[in-house]
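Structural features, examined
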Amino acid sequence: MEYNFSEIEKKWQQRWTAEGSYKVTNDPSRPKCYVLDMFPYPSGSGLHVGHPLGYIASDIYARYKRLKGFNVLHTMGYDAFGLPAEQYAIDHGIHPAVSTDDNITNFRQQLDNIGFCYDWDRSFRTSDPSYYKWTQWIFLQLFESWYDRKAGKARPLTALLELFAAAGNTAHQCPGDPSIRFDAAAWNSYDNRRQQEILMNYRLAYCGYGEVNWCEALGTVLANDEVIAGVSERGGYPVVKKKLRQWYLRITDYADRLLEGLGTVEYSDAMKEMQTNWIGKSFGAEIDFAIYKAPPDKKLRVYTTRPDTLFGVDFMVIAPEHELISTITSAEQRPAIDEYLAYVNSRSERERMAEKKITGCFTGAYAIHPFNGLHIPIWTSEYVLAGYGTGAIMAVPCGDERDFKFAQYFQLPVTNIIGDQYNGLEANPTKDAILQNSDFLDGLVMKDAIVIAIKKLEEKGIGTRKVNYRMRDAAFSRQRYWGEPFPITWESDERGEGQSLIATPLDESQLPLELPHVEKYGPGPEGEGPLANVAAWTARHLETNTMPGYAGSSWYFLRYMDPHNDQEFCSRAASDYWGQVDLYIGGTEHAVGHLLYSRMWTKFLYDRGWIGHEEPYKRLVNQGMIQGSSRFVYRVELKAKPAEMNSQGKPALLGSNNPIFVSSGIAAMEGTPEYHQLITLAVREIFNDPGIELESITLTPLHVDVNIVDGVELDIEAFKKWRSEYANAEFILEDGKYTCGVEVEKMSKRLYNTVNPNDLVTKYGADTYRMYEMFLGPVEQSKPWDTKGIEGVHRFLRKLWRLFYDETKGQVWTTAPASQEEWKCIYRTIKKTGDATERFSFNTGVSALMIGVNELIDLKCHKKEILEKLVIILTPYAPHVSEELWRLLGNEGSVLDAPYPAVEEKYLVESAKNYPIAINGKTRTELTIDLDATQQQVEDIVLADDTVKKWLEGKPPKKVVYVKNRMINVVI
RNA sequence: GCGAGUGUGGCGAAAUUGGCAGACGCACCAGACUUAGGAUCUGGAGCCGUAAGGCGUGUAGGUUCGAGUCCUAUCACUCGCACCA
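Residues numbered from 1 in each chain as written. Chains lettered and ligands numbered in written order. Predicted model: local features only at pLDDT ≥ 70, side-chain atom pairs only at ≥ 80, totals over all residues. Heavy atoms only, no water.

On to the overall build of chain A, then. Helix and strand counts for chain A come out as 32 helices and 36 strands. Principal-axis analysis of the C-alpha atoms places the extent of chain A at approximately 100 × 90 × 85 Å. Expressed as a percentage of its 972 residues, the buried residues of chain A come to 52%. At a minimum sequence separation of 6, the contacts of chain A that also span at least 24 residues come to 71%. As presented, chain A carries roughly 43800 Å² of accessible surface, and 49% of it is formed by carbon and sulfur atoms. The distance from the centre of the 108 positive side-chain charges to the centre of the 131 negative ones in chain A is 3 Å. (Helix = DSSP H or I, 4+ residues; strand = E, 2+ residues; numbered from the N terminus. Buried < 20%, exposed > 50% of the residue type's maximum accessible area, 1.4 Å probe, protein only. Contact = heavy atoms within 4.5 Å. Areas by Shrake-Rupley, 256 points an atom, 1.4 Å probe, with all protein chains shown as cover. Lys, Arg positive; Asp, Glu negative; His and termini not counted. Charge placed at Lys NZ, Arg CZ, Asp CG, Glu CD.)

Written out as structure tokens, the structure is:
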């Protein structure tokens, strides 16, 4: 009876499904564990071996926790809405609903093959109306809520209305526009249109005009995290700034709590760092500078984190978009400024990013230093961004690199306020220097001076302490088809003014607002979404934008807890039971996008009392990326010398019809005489013509499908079949083999370096495949895929099988009682495997199992009472073979619910230890000594040893270091 | 430029706290069984050296009885951010 993995796996997958073995119930009487994968966008190219890495890790952990007695929630769904799905559909001319369907079918089949323990009854896709009904519902709650900064939490808008009616907004500054101020009387006098305008500036989901990242090629706006270096993350198309009406999430109001929350979760430091940087909190001051010869109410307000350098200011720089620029520019500078602004306008975001040259222009205006009255020239330059701080800075060239370069370029004088800490050649951004030339700050260390400067500025009423964030409110609308429609209609106000439409929420009873099926989903008119082309849609005055991809993924983890509830997004009982996700596994690419948004939504739902916890993911593990290991063949095109001219008198091109490939070792010699000679000889043989002389050789490396390469050796027959044009290819070999070149690249179909899990499962089985992915190395680590080692893991499972059944002898397991040594072996294995699984060190978990099996083979142990424990601890890693063996041993229930064996420590305690004996730190010998030996006993034993005596050469040792249960070191 | 991370045999890696460096596996070598072996089993193996022994965790220092692990400097690679005042 041999290990027939394909039969075993098929059998158990069917039975587990039929028996509902993975069905999870919300059972508050049992301890819970929630293990979640970042759900995939079902791409058209299906899964390659890189994708399941995290899924296998979480599956092992989920199964392990189940054996440990936890009620484990583990399920899977699809992030089906969004730009990639729509783009794929457009590229392939298939409706996104159809392509998404097809892709999901394919994904599901691939996932099922690997044997995951998902409760598929809880699965959904974000594009299901029954799901996005609740995405829309949460959006409406965001729309109807504001952030009460005093209370530090979101509250319903109705509470704000009461506050306004009673006391205006004096106690609750308007987050959207701080200049909006009114008392109760004013509020009550406003008409509905004005009141709605004001409320829009408070809503957590709001609509406004703003500079957005507009991508013409994709025909939509993108969030900041979807734009990389001036081009779109998807497709790499140019992105420009454009003013458009957009929906936003007021995530900036959650900036502080998103930062604080990082202290309560277990994410990697790198992940926390990325989020912290993205939020970009900085502490500083806003300072008002009077402008020379300007009316006193026209002040130049700058933001600085270094108010201590106030006396080092040599010039001011304002952003080209700054509102003051038109009013302060002097007559003689006007032409230069106009020209400069035109130049800035002509530059795309991309150009600015790519070529960072120093540009700028003097406005002709001067600011007045509030303490020494000096006149400070005001410049404008691209390097000051309109969107951050006040869009204006005070430039301190001796302390800031950019200011310094600017000063140098325009030959502006530099004031030194830090003495010999400034060398005149570059700026020194230190905070530790002692200030000079700084009036009341003289003699202070800079970091202490910051506080003092702010205090003085506040006293004089020309500055205030100010916290700034780099993070902007998140753009929340897309001018695309394949997303959740906004449950919003645009109603004209009571005066029927077409220009001032009021965003009006649909009633909850009208949800879900279903996405209409359309045949064509091209862009609508004037930057509007495709829905603007749907007459039935526009007739209802419905919002024509759709929500971005991250809307549905911001709360999906809650839906798994209560997936079929059509009264609520998730009952409070369900979310209270399952609580936080205990383990969340996914890639780093979602570090700032998805994770920040879902953290914000969770905090919001918590604020409003719908759930009881405010951080969604307690522990986050980022699986590494599996890179592709590409293989290359080297094609040569050869030009023969004139002696070989053909009938037309042109040099013959050899290898253009029947391609010729040289092995990588030969290709590597390119350019050497040996290379030329070797190829010439080979070509003479191929064409059976000893007269051929080559004039030139052109070498082209080409990607070849990794699946027809064994290690680096090309399967030539498979290669000829791979492409019809290679059917008659010729090969110049090395040692009778064709060796391919190797390079590590991203895994992608285009590079022919993808490996499909299905192929490996067919060849070795799901259990082998699962274990091999884990055996590759730590989950968090990125590494190139290499199929080579999978045989070793497969061999392990076959060796395991032979502990139970032998090909010739049949059953070899017995019910004989186990020996002391066998117990010791199994308990050691249980301990090591369990510990490894607990700390996500799945590669060492696999190796602990291998060691255990090797030892049991050495012990010739075939005892049921030992083997059945082994089978249980193997279950998380290789569930199919474990279940099969478990049943063959005569057990009744499923191994999936067997109790994880406890470690009996008594079998593991030792009375003596084989100590390494080191001389001066170098191990020279070993001695077995009782664990409770005293220092004196140890010294006596060690010094009597022949090897030690030899090294001592008769002299007494300086010292004998004895660390119990570790080692012994003799110092000479 | 700034921030984070990683450097260990031919290869993937291991070494929870400073205590036998290289577990486990791949590839490799030798042998056994075989008509055969890309099956299976047994054994070998970091490098140099016949051996004794020496050298070994990117490089150079340091702390320590003892360093892959801690400290300082430096190099290389990977990732993230990139005019954020």
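Backbone-to-backbone hydrogen bonds pair the strands of a sheet. The strands run either parallel or antiparallel. Taken together, the four strands give an open sheet; going across it, the order is β2-β1-β20-β21, and neighbouring strands pair in parallel fashion. Two strands close off the open sheet at either side, each with one partner strand: β2 (71-73) and β21 (620-622). Across this sheet, the average inter-strand angle for adjacent strands is 20°, counted without regard to direction. Bridge analysis of strand β1 (residues 32-37) against strand β20 (residues 583-586) gives three bridges, and the strand direction is parallel. Counted as the bridge partner of V35 is L583 from β20. (Pairing = 2+ DSSP bridges. Axes fitted to C-alpha atoms, helices over the stretch in contact; angles between N-to-C directions.)

Taken together, 48 residues are adjacent to RNA strand B, and E273, T305, R402, L776 and R798 come closest. Close to the protein, within 4 Å, the atoms of RNA strand B are drawn from sugar and phosphate at a rate of 59%. Between a sugar or linking oxygen of RNA strand B and a main-chain N or O atom of Y383, the distance comes to 2.9 Å. In this structure, a base oxygen belonging to RNA strand B sits 2.8 Å away from a side-chain N or O atom of R966. Sorting the residues of the surface near RNA strand B by element identifies α10 (269-279), β11 (299-304), α26 (790-804), α28 (842-858), β34 (922-930), β35 (959-963) and β36 (967-971) as the ones contributing at least two each. Its residues placed into classes, the surface near RNA strand B shows 18 nonpolar, 12 polar and 18 charged. (Near = heavy atom within 4 Å. Polar contact = N/O pair within 3.5 Å; in protein donor to acceptor, adjacent residues only side chain to side chain. Nonpolar A, V, L, I, M, F, W, Y, C, P; charged D, E, K, R; others polar.)

Cis geometry is adopted by the peptide bond preceding P512, which originates at L511 and carries an omega value of -5°. Structurally, P512 can be placed in the loop between β19 (501-505) and α16 (535-539). Not every positive phi belongs to a glycine, and Y752 is a case in point at roughly 55°. Structurally, the position occupied by Y752 is in the loop between β29 (741-745) and α24 (757-764).

To continue, consider the packing of helix α1 (residues 5-18) against helix α30 (residues 879-888). Two elements in contact, α1 and α30, have axes whose closest approach is 9 Å; the angle formed by their N-to-C orientations is 85°. Our classification of the angle between α1 and α30 gives roughly perpendicular. Contacts between α1 and α30 involve I8, E9, K11, W12, Q13, R15 and W16 from the former and P879, H880, V881, E883, E884 and R887 from the latter. The residue inventory of the contact of α1 with α30, partitioned by class, reads five nonpolar, two polar and six charged. (Parallel < 35°, antiparallel > 145°, perpendicular 65-115°, else oblique.)

Applying the stated criterion across every chain yields a total of 78 aromatic pairs. On the basis of an interplanar angle of 80° and a centroid distance of 5.6 Å, the ring pair of F311 and F440 is categorised as edge-to-face. Placement of the pair is F311 in the loop between β11 and β12 (315-318) and F440 in the loop between α14 (401-409) and α15 (446-460), with a sequence separation of 129 residues. Looking at F311, the relative accessible area reads 7%, which means it is buried. Aromatic ring contacts, followed pair by pair, group F39, F124, Y131, W134, W137, W555, Y556, Y560, F569, F604 and W610 into a single cluster. In this arrangement the basic side chain of R250 is found over the ring face of Y206, its NZ or CZ atom lying 3.9 Å from the centre. The side chain of K456 reaches across the aromatic face of F440, ending 4.9 Å from its centre. (Phe/Tyr/Trp six-rings, centres within 6.5 Å; stacked < 30°, edge-to-face > 60°. Lys NZ or Arg CZ within 6 Å of the ring centre and 35° of its normal.)

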